[in-house]
Every structure is written in structure tokens, then in C-alpha cells.
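# Observations on chain architecture
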Amino acid sequence: MQSSSLLCSSNSVSQSLSLSPSPRLTVPFQNRCFGAAVTPSCADRVPLRCSHIRQSTLTPVPSTAMQEIVETNNAEPRFIEIGYISSVHGLKGELRVKPSTDFPELRFAKPGRRWLKQQVLGRETIQVVELLEGRAHPGQKSWIVKFSKVNTVDEAQLLIGSNILVTEDDKPELEEGEFYSHDLVGMRVTLKETGELVGTVANVFNSGASDLLHVMLNSSTAGTSKSEASASGPLVWVPFVEAIVPNVDMTKREILITPPKGLLELNIRSDERSKKERRQLEWKERKKFQQRLIAAKKKLCEMEQQHVFHGFRFGEKAQRSLLSDQIVRINSKLLQQALQNIEMSSKSTWRISEECLSNSGCGEKLNTSSKLQEKGHLLTSEGKVALVLYVNDCQRKGSGFAPDLVDKADDSSCLLVEAFFQDNRRLVRIEDRASVPLILVCPTHDIHSLHITFADHNYFSFDSNKVWFLEEEKLPVVSNSLEAQNKHKILMKSPWEMLQTPVGSGGVISLLLSDSILGNLSEMGIEYIEVCSINNPRYVGGHTLLGLVSSCEANIGIQICKDMDYLDEDNFDVVISMNFMKHLIAKMNKLHFHAIPKPHSHVEKVDKEWVEVIPSSPNSYELRCSIYSYLDVCPSDKVCLMEVTSCDV
């Protein structure tokens, strides 16, 4: 049990301020697949050796495989398509060919017999031709060929659109671990660990970086025959890399895969709209994004940060898109507020006054919390309370959990969240969770893994329709020296990427205020929002604190520890009324930010060249905002403090 001293302050906290010093990587792979549609300029095959592969990597491998399509009719001999005639070249009967083979020099430069497939009067015909010579046309990614008895433009024009074929027997022999894509089509795909049938390979494509198996999932129930015909479900993409496809058995016509958790479910297309409707929607989304980009650029211009746009003049399309996305995602209102207050900003220390601990705004000091616990539990069970859990990288080592959990950097957030929700002493009861909306605020790199963790644990008994995952609020890092017009300059990590750092616990509230979630919570009838950090080692989800805030009709309730003389910004448990949250929307300009001096390497454009700046001392400010900054806009008699005097866990 936990005993607590419950105090409602009339002059709860005072604030003392001081400035805080403070190319795509490729890996060789044995399972190369010849037959995927890739850039036809790949002329040579590079030997690939399995010994060079790192088993832990999922880095896609660029396949030099080209598409040699086998004609599937029963006529003899069987043919392979190696390209098609796209146009006439010159005046001497030469033809331009678009290759679909990995062996263009063999197919188009070596003289010999070829076959042409044409549609004549609605019928398919195949005729023998003699290739005399051929040469590459790299600028057009095509080949120029000359056939026997084709000497004029008119004769050549009759062949436009024809497919060029060779016999299947003419296929070059492949090295061990290399495959033709048409040989993979129709093969069973099975989970290596369980032997469960996944589906059948419907086709093989090349994404530019690697081959992709297009697998039709098995729609039958578990335990049925593993026949290839049983696959009739949706199509999914499976990267043809050794880490995911370790075994290909051509004899058994079976591919064994070890997909990462969630891969097969991730790329199933559930959108049943037509292609035309999807394109129209994509066009509308692009137009909407452009409008948002224009508005965001205008805001940055008002803050005299035009240097951020220099990257648009350089680099690849993907890099410029990255810059556009970052500009659109900036919370310009929050950034403007932080920049306006940066001169007076400093790290905040929120001290608890003696009057708070000796007087009670509720009229008496309460040594028992049973009645308030009952009231808080009633609010929770009636669905009038929402929980916001703040998870960030800085809190992992400061968590109250075992060190071995947080040492696993890749999934430590998931492990902490899992331990957090499985400890019933730290949160609302399991039977009440379905009625409690849950919002997780975490770093971008944790969102996907947390999604999977929640799905694997049946959302820890929460209603999946009432669970949100939000990326933590970030603001750009700015120079600590004043530039022209007395402005702090946003620092660039690269010409297309801004240096950004998390705002801190105060960013949780700004996220809720700027997102539609607040409106959704209001529609659900939520009266209170509890915001807590995951590293709080004491009891959270506190029914007692909720009951206290409700009884005192306070705007904010804060849990503190015995003998604490200041509020901990990294370890907090705060309850805020919905009425006060709505009031904060109009008071965002009152928020207090503090600047933390830090050294940051960055790039600058100097005389039309990008120069890297490596500082030897702090050269920048990271902009932070504490959740306690909102006390500035709350009357002191509307703040409750709950002092935890003992905790038996």
C-alpha cells in the first residue's frame, strides 16, 4: 500500500530560473534471381558469394537479373522473350530494341538465329530471322540491331512492336545460387520455423535495389494440403534477400522464408478502390501537401529562416522530398514562440513552497486517501479519464526498471512499455482499461515497434480504437549567436535535413493541443487527462490524485515525493482537467521555454559551396519546454499537490 499526504495549495509553487549549461548500401547475396524487370543497362553478372553476407542485415541486394520471359504455349520449341522492337533507326533498315534480358551483349551483339513474334490479322505468328550485327545505344538504354533481308525503312517499320525470342535451350547456365525468375513463379513459400504454408510466388519484380517476390497468400485454413493451387488470397511483397529467403529448393519447388514480425501483414493492400480512384486521391493528397508546404515556407520566411530552402537547388528528388517533409512537419507556431522568448529563456527549477506543504486549499490535511481513491476509480471506470504515456530516449536509463531491459537499445522502449502495462500496481486495473483512451508519445523510430508490441499483447486490454501513437514534438536546433536582424539561425545537419531535438515533456501538451485528438477525447466525454513519464518508479494512474483534483475542482494535480523541494521534469505524474486543456489553446503564447547550450556539427552554404562546421565549444541552443511551464497560466489556487510519503511495492 501507499500512504500519501494530500494537499491542495493556495500558493503551490514558485519558480527560480537560470540558464542551463549544459548509395544505398549493398551486400552480396547468393540467391540472385534472373528474370525480374530491372534496368536493361546491366550487362554483366557479378559473382555473388554467401560468405560475404551479414546474416543480421536486411539490406536489399541489387539484382542484375533481367526478364527473359518463357512462352508458355505447348508448341515446340519453347521460347524466351529477350526484348521488343520499339522503332526504326536510320535509313538502312536498322531497328531499335528495348532489352528485357540480363545478357544483352550475348542476345543482340552475337550474330545468329532469332525469332520474331508478331500479331498479324489477329493471329500470333513466329518467324525466323538472322541477326547480322548489333551495338549498344546507352543514351537510350536500348540496342541497335540489323537483321538479314531488312534493308529499307519500309521493311523495318513492318517489324515495329515485334517481340524478339530465343529458344529456351539457349539459356546460359547459371552459377550455384542463381535463378531465373520464371523458374521461381509458382513455387510454394513456407515459413522455415513452423513449416506453415504462406502462399505461392505469383511473379518476381525488381525494385531497383533488389528483387521482390510477389507472393499470393494462402487463403485456406491451417493444416490443409500445401498445394500450389491453395493460394488465392491477397498479394504481398517479400524481399529476395538471404536474411528473409535463406533457402530455395528447386527440386521440391519450395522457398523457405524467415520474415521479420509484421512483414507479411504490413504490405497487404486493403484499399479496394479502383486504380483511377486511387490516382485521384493521390493527386489530391499531393496538392494538399503542396499547399501545406507553401504555408510552412511562408512561416519560415516570416521568421527570416530562408536559408533552409537552399537544399531545394541541389541533390536528388528523394533528398528534396525529405527537406519538404521536414519543413511541413515543423510546428511553426511553437518554434516562433520559442525564438521570441529565447533571450529570456533559461532552465526552469520549479520549487515547492513551504506554504504549500503546511496549508491545504481543501480546508484540511487528509491522512487517508481511501475516499479519493474510490472517487478516482469511479471516474476511470466511467470512461472520464484519458492516459498519456511519455516515452523518450533520455528516460530509458533513468527508468525504474531493471538495467538489463534498458541495455537492449533496439527494443528497450517496447520492453519498458510491456513491463509498465503488465504491472497492475502502476496503472489502472485491467478491467477498467477498455474504457480508458491511451495516447503514447514516443520517438519516431519506436512507433512501428510499439504498434507491433501492442498488437502482440492484445493492446494490454485497452480498446484498440482508443489507442493513439504520436511522434514526440521536436524543434530545430538554432545557433547561439545572433545573425543578421538579431535572429537565431536554424542549423542544418545536411543541405536537406535540419538539426532537431525533442522539446521535452511540455511538447506532450502542445501535441494534444495541435492534434485532433483533443476533440476526439472531448466527444468521448473525457473530463481529465493524466500525463506521466514511463520512468516514474512510483505509483501512476493514481486514482487518489484523480479524486483529489476532482474534489478540489482544480485545473492541475501533481504527484510529488516526500522531502522533495522541486518538481522533477523527467519523472512526473500530472492530472489536467479537460476544461483547462481547452483554455490552454488560447494561452500557448504564454509558455516558457529554456535554451540548453550544446555543440552541434552542421553545414553552411558559403560562396555557393556547402561547408561542414565542427565546433569546439557550444555553438547552439536546444529548445526545451517543461510540462510544468503550463503552471504559468494556471491560477495558484487551482493547483493540487499530492505528496507521496511512503510506497510499499
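Note that residues are indexed from 1 along each chain, following the sequence as it is written. Where totals are concerned, whole chains, interfaces and linings use all residues; where local detail is concerned, this predicted model gives features only for residues with pLDDT of at least 70, and gives and counts side-chain atom pairs only at 80 or more. Side-chain measures were taken over the full set of non-hydrogen atoms in the model, leaving aside hydrogen atoms and water.

Within the protein, the regular secondary structure consists of 16 helices and 35 strands. Exposure is judged per residue with a 1.4 Å probe applied to protein chains only, and the accessible area is read against the type maximum: over 50% gives exposed, under 20% gives buried, and values in between give partly exposed. A burial count over the protein gives 49% of its 649 residues as buried. A 1.4 Å probe and the Shrake-Rupley method give the accessible areas. Residues count as covered only by the protein chains that appear here. Surface summary for the protein: the accessible area is close to 32300 Å², and the carbon and sulfur share equals 49%. Put simply, DSSP H or I for four residues or longer makes a helix, DSSP E for two residues or longer makes a strand, and each gets a number counted from the N terminus.

Another aspect to go through is the side chain of E94. Relative to the elements of secondary structure, E94 occurs in strand β6 (residues 94–99). Judged by its relative accessible area of 14%, E94 is buried. Side chain to side chain, E94 and R135 meet in a polar contact 3.0 Å long. The criterion used for residue contact is that any of the two residues' heavy atoms lie within 4.5 Å. If near-sequence neighbours (up to four positions away) are discounted, E94 is found in contact with V88, H89, E133, R135, I144, V145, K146 and A156. Polar contact is defined as a pair of N or O atoms within 3.5 Å, subject to the rule that within protein one atom must be able to donate a hydrogen and the other to accept it, and that residues adjacent in sequence are counted only when both atoms are side-chain atoms.

Right, let's talk about the environment of F240 for a bit. Its place among the elements puts F240 in the loop between β15 (231–239) and β16 (247–249). Here F240 falls in the buried class, since its relative accessible area comes to 2%. When the C-alpha atoms of F240 and F205 are compared, they prove to be 9.7 Å apart, with 35 residues separating the residues in sequence.

By convention, a stacked pair of Phe, Tyr or Trp rings (six-membered ring in the case of Trp) has centres within 6.5 Å and planes under 30 degrees apart, an edge-to-face pair has planes over 60 apart, and any other such pair is tilted. Scanning the model with the defined rule gives eight aromatic pairs in all. Aromatic side chains F179 and F240 sit 6.4 Å apart centroid to centroid with 80° between the ring planes, which places their arrangement in the edge-to-face category. Of this pair, F179 sits in strand β11 (residues 178–180) while F240 sits in the loop between β15 and β16; the two residues are 61 residues apart in sequence, bridging distant segments of the chain. This pair shows no difference in class: F179 is buried, exactly as F240 is. On the basis of an interplanar angle of 75° and a centroid distance of 5.5 Å, the ring pair of F205 and W237 is categorised as edge-to-face. On the criterion of sequence distance, the pair formed by F205 in strand β13 (residues 197–206) and W237 in strand β15 is long-range, its members being 32 residues apart. W237 gets classed as partly exposed once you look at its relative accessible area, which sits at 31%.

Further remarks concern the packing of helix α5 (residues 275–302) against helix α6 (residues 317–329). Here an angle of 0 to 180 degrees is reported between the N-to-C directions of two axes, which are lines fitted to C-alpha atoms, with helices fitted over the stretch in contact. Interaxial distance between α5 and α6 falls to 8 Å at its minimum, and their mutual angle equals 70°. It follows that α5 is roughly perpendicular to α6 by the angle criterion. Like other packed secondary-structure pairs, α5 and α6 cross with a definite hand, here left-handed. Mapping the contact onto sequence places F289, R292, L293, A296, K297 and L300 in α5 and S324, D325, I327 and V328 in α6. Nonpolar residues are Ala, Val, Leu, Ile, Met, Phe, Trp, Tyr, Cys and Pro. Charged residues are Asp, Glu, Lys and Arg, and all others, Gly as well, are polar. A per-class count over the contact of α5 with α6 returns six nonpolar, one polar and three charged. What sets the label is the angle itself: under 35 degrees gives roughly parallel, over 145 gives roughly antiparallel, 65 to 115 gives roughly perpendicular, and the rest give oblique. The hand of a helix crossing depends on one turn: near helix anticlockwise from the far one by less than a right angle means left-handed, and clockwise means right-handed.

Another point: the pairing of strand β29 (residues 556–561). For β29, a buried count of six out of six residues is recorded, marking the element as mostly surrounded by other parts of the structure. Residues I556, I558 and I560 line one face of β29 and the alternating positions G557, Q559 and C561 line the opposite face, and both faces are buried. In short, DSSP must find at least two bridges between two strands for them to pair. Bridge count for β29 against strand β30 (residues 573–577) is three bridges, and the pairing is antiparallel. Bridge pairing links I556 to I576 in β30.

Another point: the environment of I447. With respect to the element layout, I447 can be found in helix α12 (residues 444–456). Of the residues examined, I447 reaches a relative accessible area of 17% and is grouped as buried. It is 9.5 Å that separates the C-alpha atoms of I447 and C414, two residues lying 33 residues apart in sequence. In this view, I447 contacts C442, F469, L470 and E471; residues no more than four positions away in its chain are not counted.

I529 and I558 are the most contacted members of the largest nonpolar core, which has 66 residues in total. Residues in contact with I529, not counting those within four places in the same chain, are A386, V388, L512, L518, L521, V574, V575, I576, M578 and M581. Counting residues in hydrophobic clusters, the runner-up holds 23 residues, among them C414, L416, F420 and C442. Put simply, buried Ala, Val, Leu, Ile, Met, Phe, Trp, Tyr and Cys residues joined by side-chain atoms within 4.5 Å make one nonpolar core.

On to the sheet that holds strand β31 (residues 594–598), then. Here we have four strands laid out as an open sheet, ordered β24-β23-β34-β31, and antiparallel in their pairing. The sheet is open, and its two borders are formed by β24 (488–490) and β31, each paired with just one other strand. Averaged over all neighbouring strand pairs, the angle between strand axes comes to 40°, with direction disregarded.

As a further point, take unusual backbone geometry. Positive phi is not limited to glycine here, since K149 has a value of about 65°. Secondary-structure assignment places K149 in the loop between β9 (142–147) and α2 (153–157).

Glancing now at the packing of helix α9 (residues 370–381) against helix α15 (residues 543–552). Remark: α9 packs on α15, axes separated minimally by 7 Å, with the N-to-C direction vectors making an angle of 90°. In terms of axis orientation, α9 runs roughly perpendicular to α15. Contacts from L372, Q373, K375, G376, H377, L379 and T380 of α9 reach α15 at H543, T544, L546, G547, L548, S550 and S551. By residue class, the composition of the contact of α9 with α15 is four nonpolar, nine polar and one charged.

Moving residue by residue along a regular strand, the side chains alternate between the two faces of the sheet. Most of β30 sits out of view: five of its five residues are buried. Of the two faces of β30, the one carrying D573, V575 and S577 and the one carrying V574 and I576 are both buried.

Here we take up the pattern of salt bridges. When a carboxyl oxygen of Asp or Glu lies within 4 Å of a side-chain nitrogen of Lys or Arg, that pair is called a salt bridge. Scanning all chains against the criterion turns up eight salt bridges. Salt-bridge contacts for E527 lead to K384; the nearest nitrogen and oxygen are separated by 3.7 Å. With E527 in the loop between α14 (517–523) and β28 (528–533) and K384 in the loop between α9 and β19 (385–390), this residue pair connects regions lying 143 residues apart in the sequence. Where salt bridges share partners, they join E382, K384 and E527 into one cluster.

It is worth spelling out α9 at this point. The span you would expect from a helix comes to 1.5 Å times its residue count less one. Its twelve residues give α9 an end-to-end C-alpha distance of 16 Å, which sits within 8% of 16 Å, the value for a rise of 1.5 Å per residue. Within α9 the residues assigned to the buried category are L372, G376, H377, L379 and T380. End-on view of α9: buried residues confined to an arc of 160°, all on one side of the axis. Across from the buried face of α9, at angles greater than 90 degrees, the exposed residues are K371 and E374. Relevant arc is that of directions from the helix axis to the C-beta atoms, nothing else.

Right, let's talk about the state of the cysteines for a bit. Cysteine sulfurs are considered disulfide-paired once they come within 2.5 Å of each other. Enumeration over the complete set of coordinates arrives at zero disulfides. Its sulfur unpaired, C634 is 9.3 Å from the next cysteine sulfur, which belongs to C640. The exposure class assigned to C634 is buried, which follows from its relative accessible area of 8%.

Attention now moves to the environment of K384. A residue is classified by how much of its surface remains accessible, and K384, at 26% relative accessible area, is partly exposed. In the structure, K384 is positioned 51 residues away from S435 in sequence and 8.3 Å away in space, judged by C-alpha atoms.

Taken over all residues, the pLDDT of the protein has a mean of 76, while the share at 70 or more is 72%. Confidence scores labelled pLDDT are given residue by residue by the predictor and lie between 0 and 100. Model confidence for the protein, summarised as mean pLDDT per element, is weakest for strand β2 (residues 13–18) at 40 and strongest for strand β22 (residues 474–476) at 94. Between residues 397–410, whose pLDDT stays under 50, and residues either more than four places distant or in other chains, the model counts 19 contacts.

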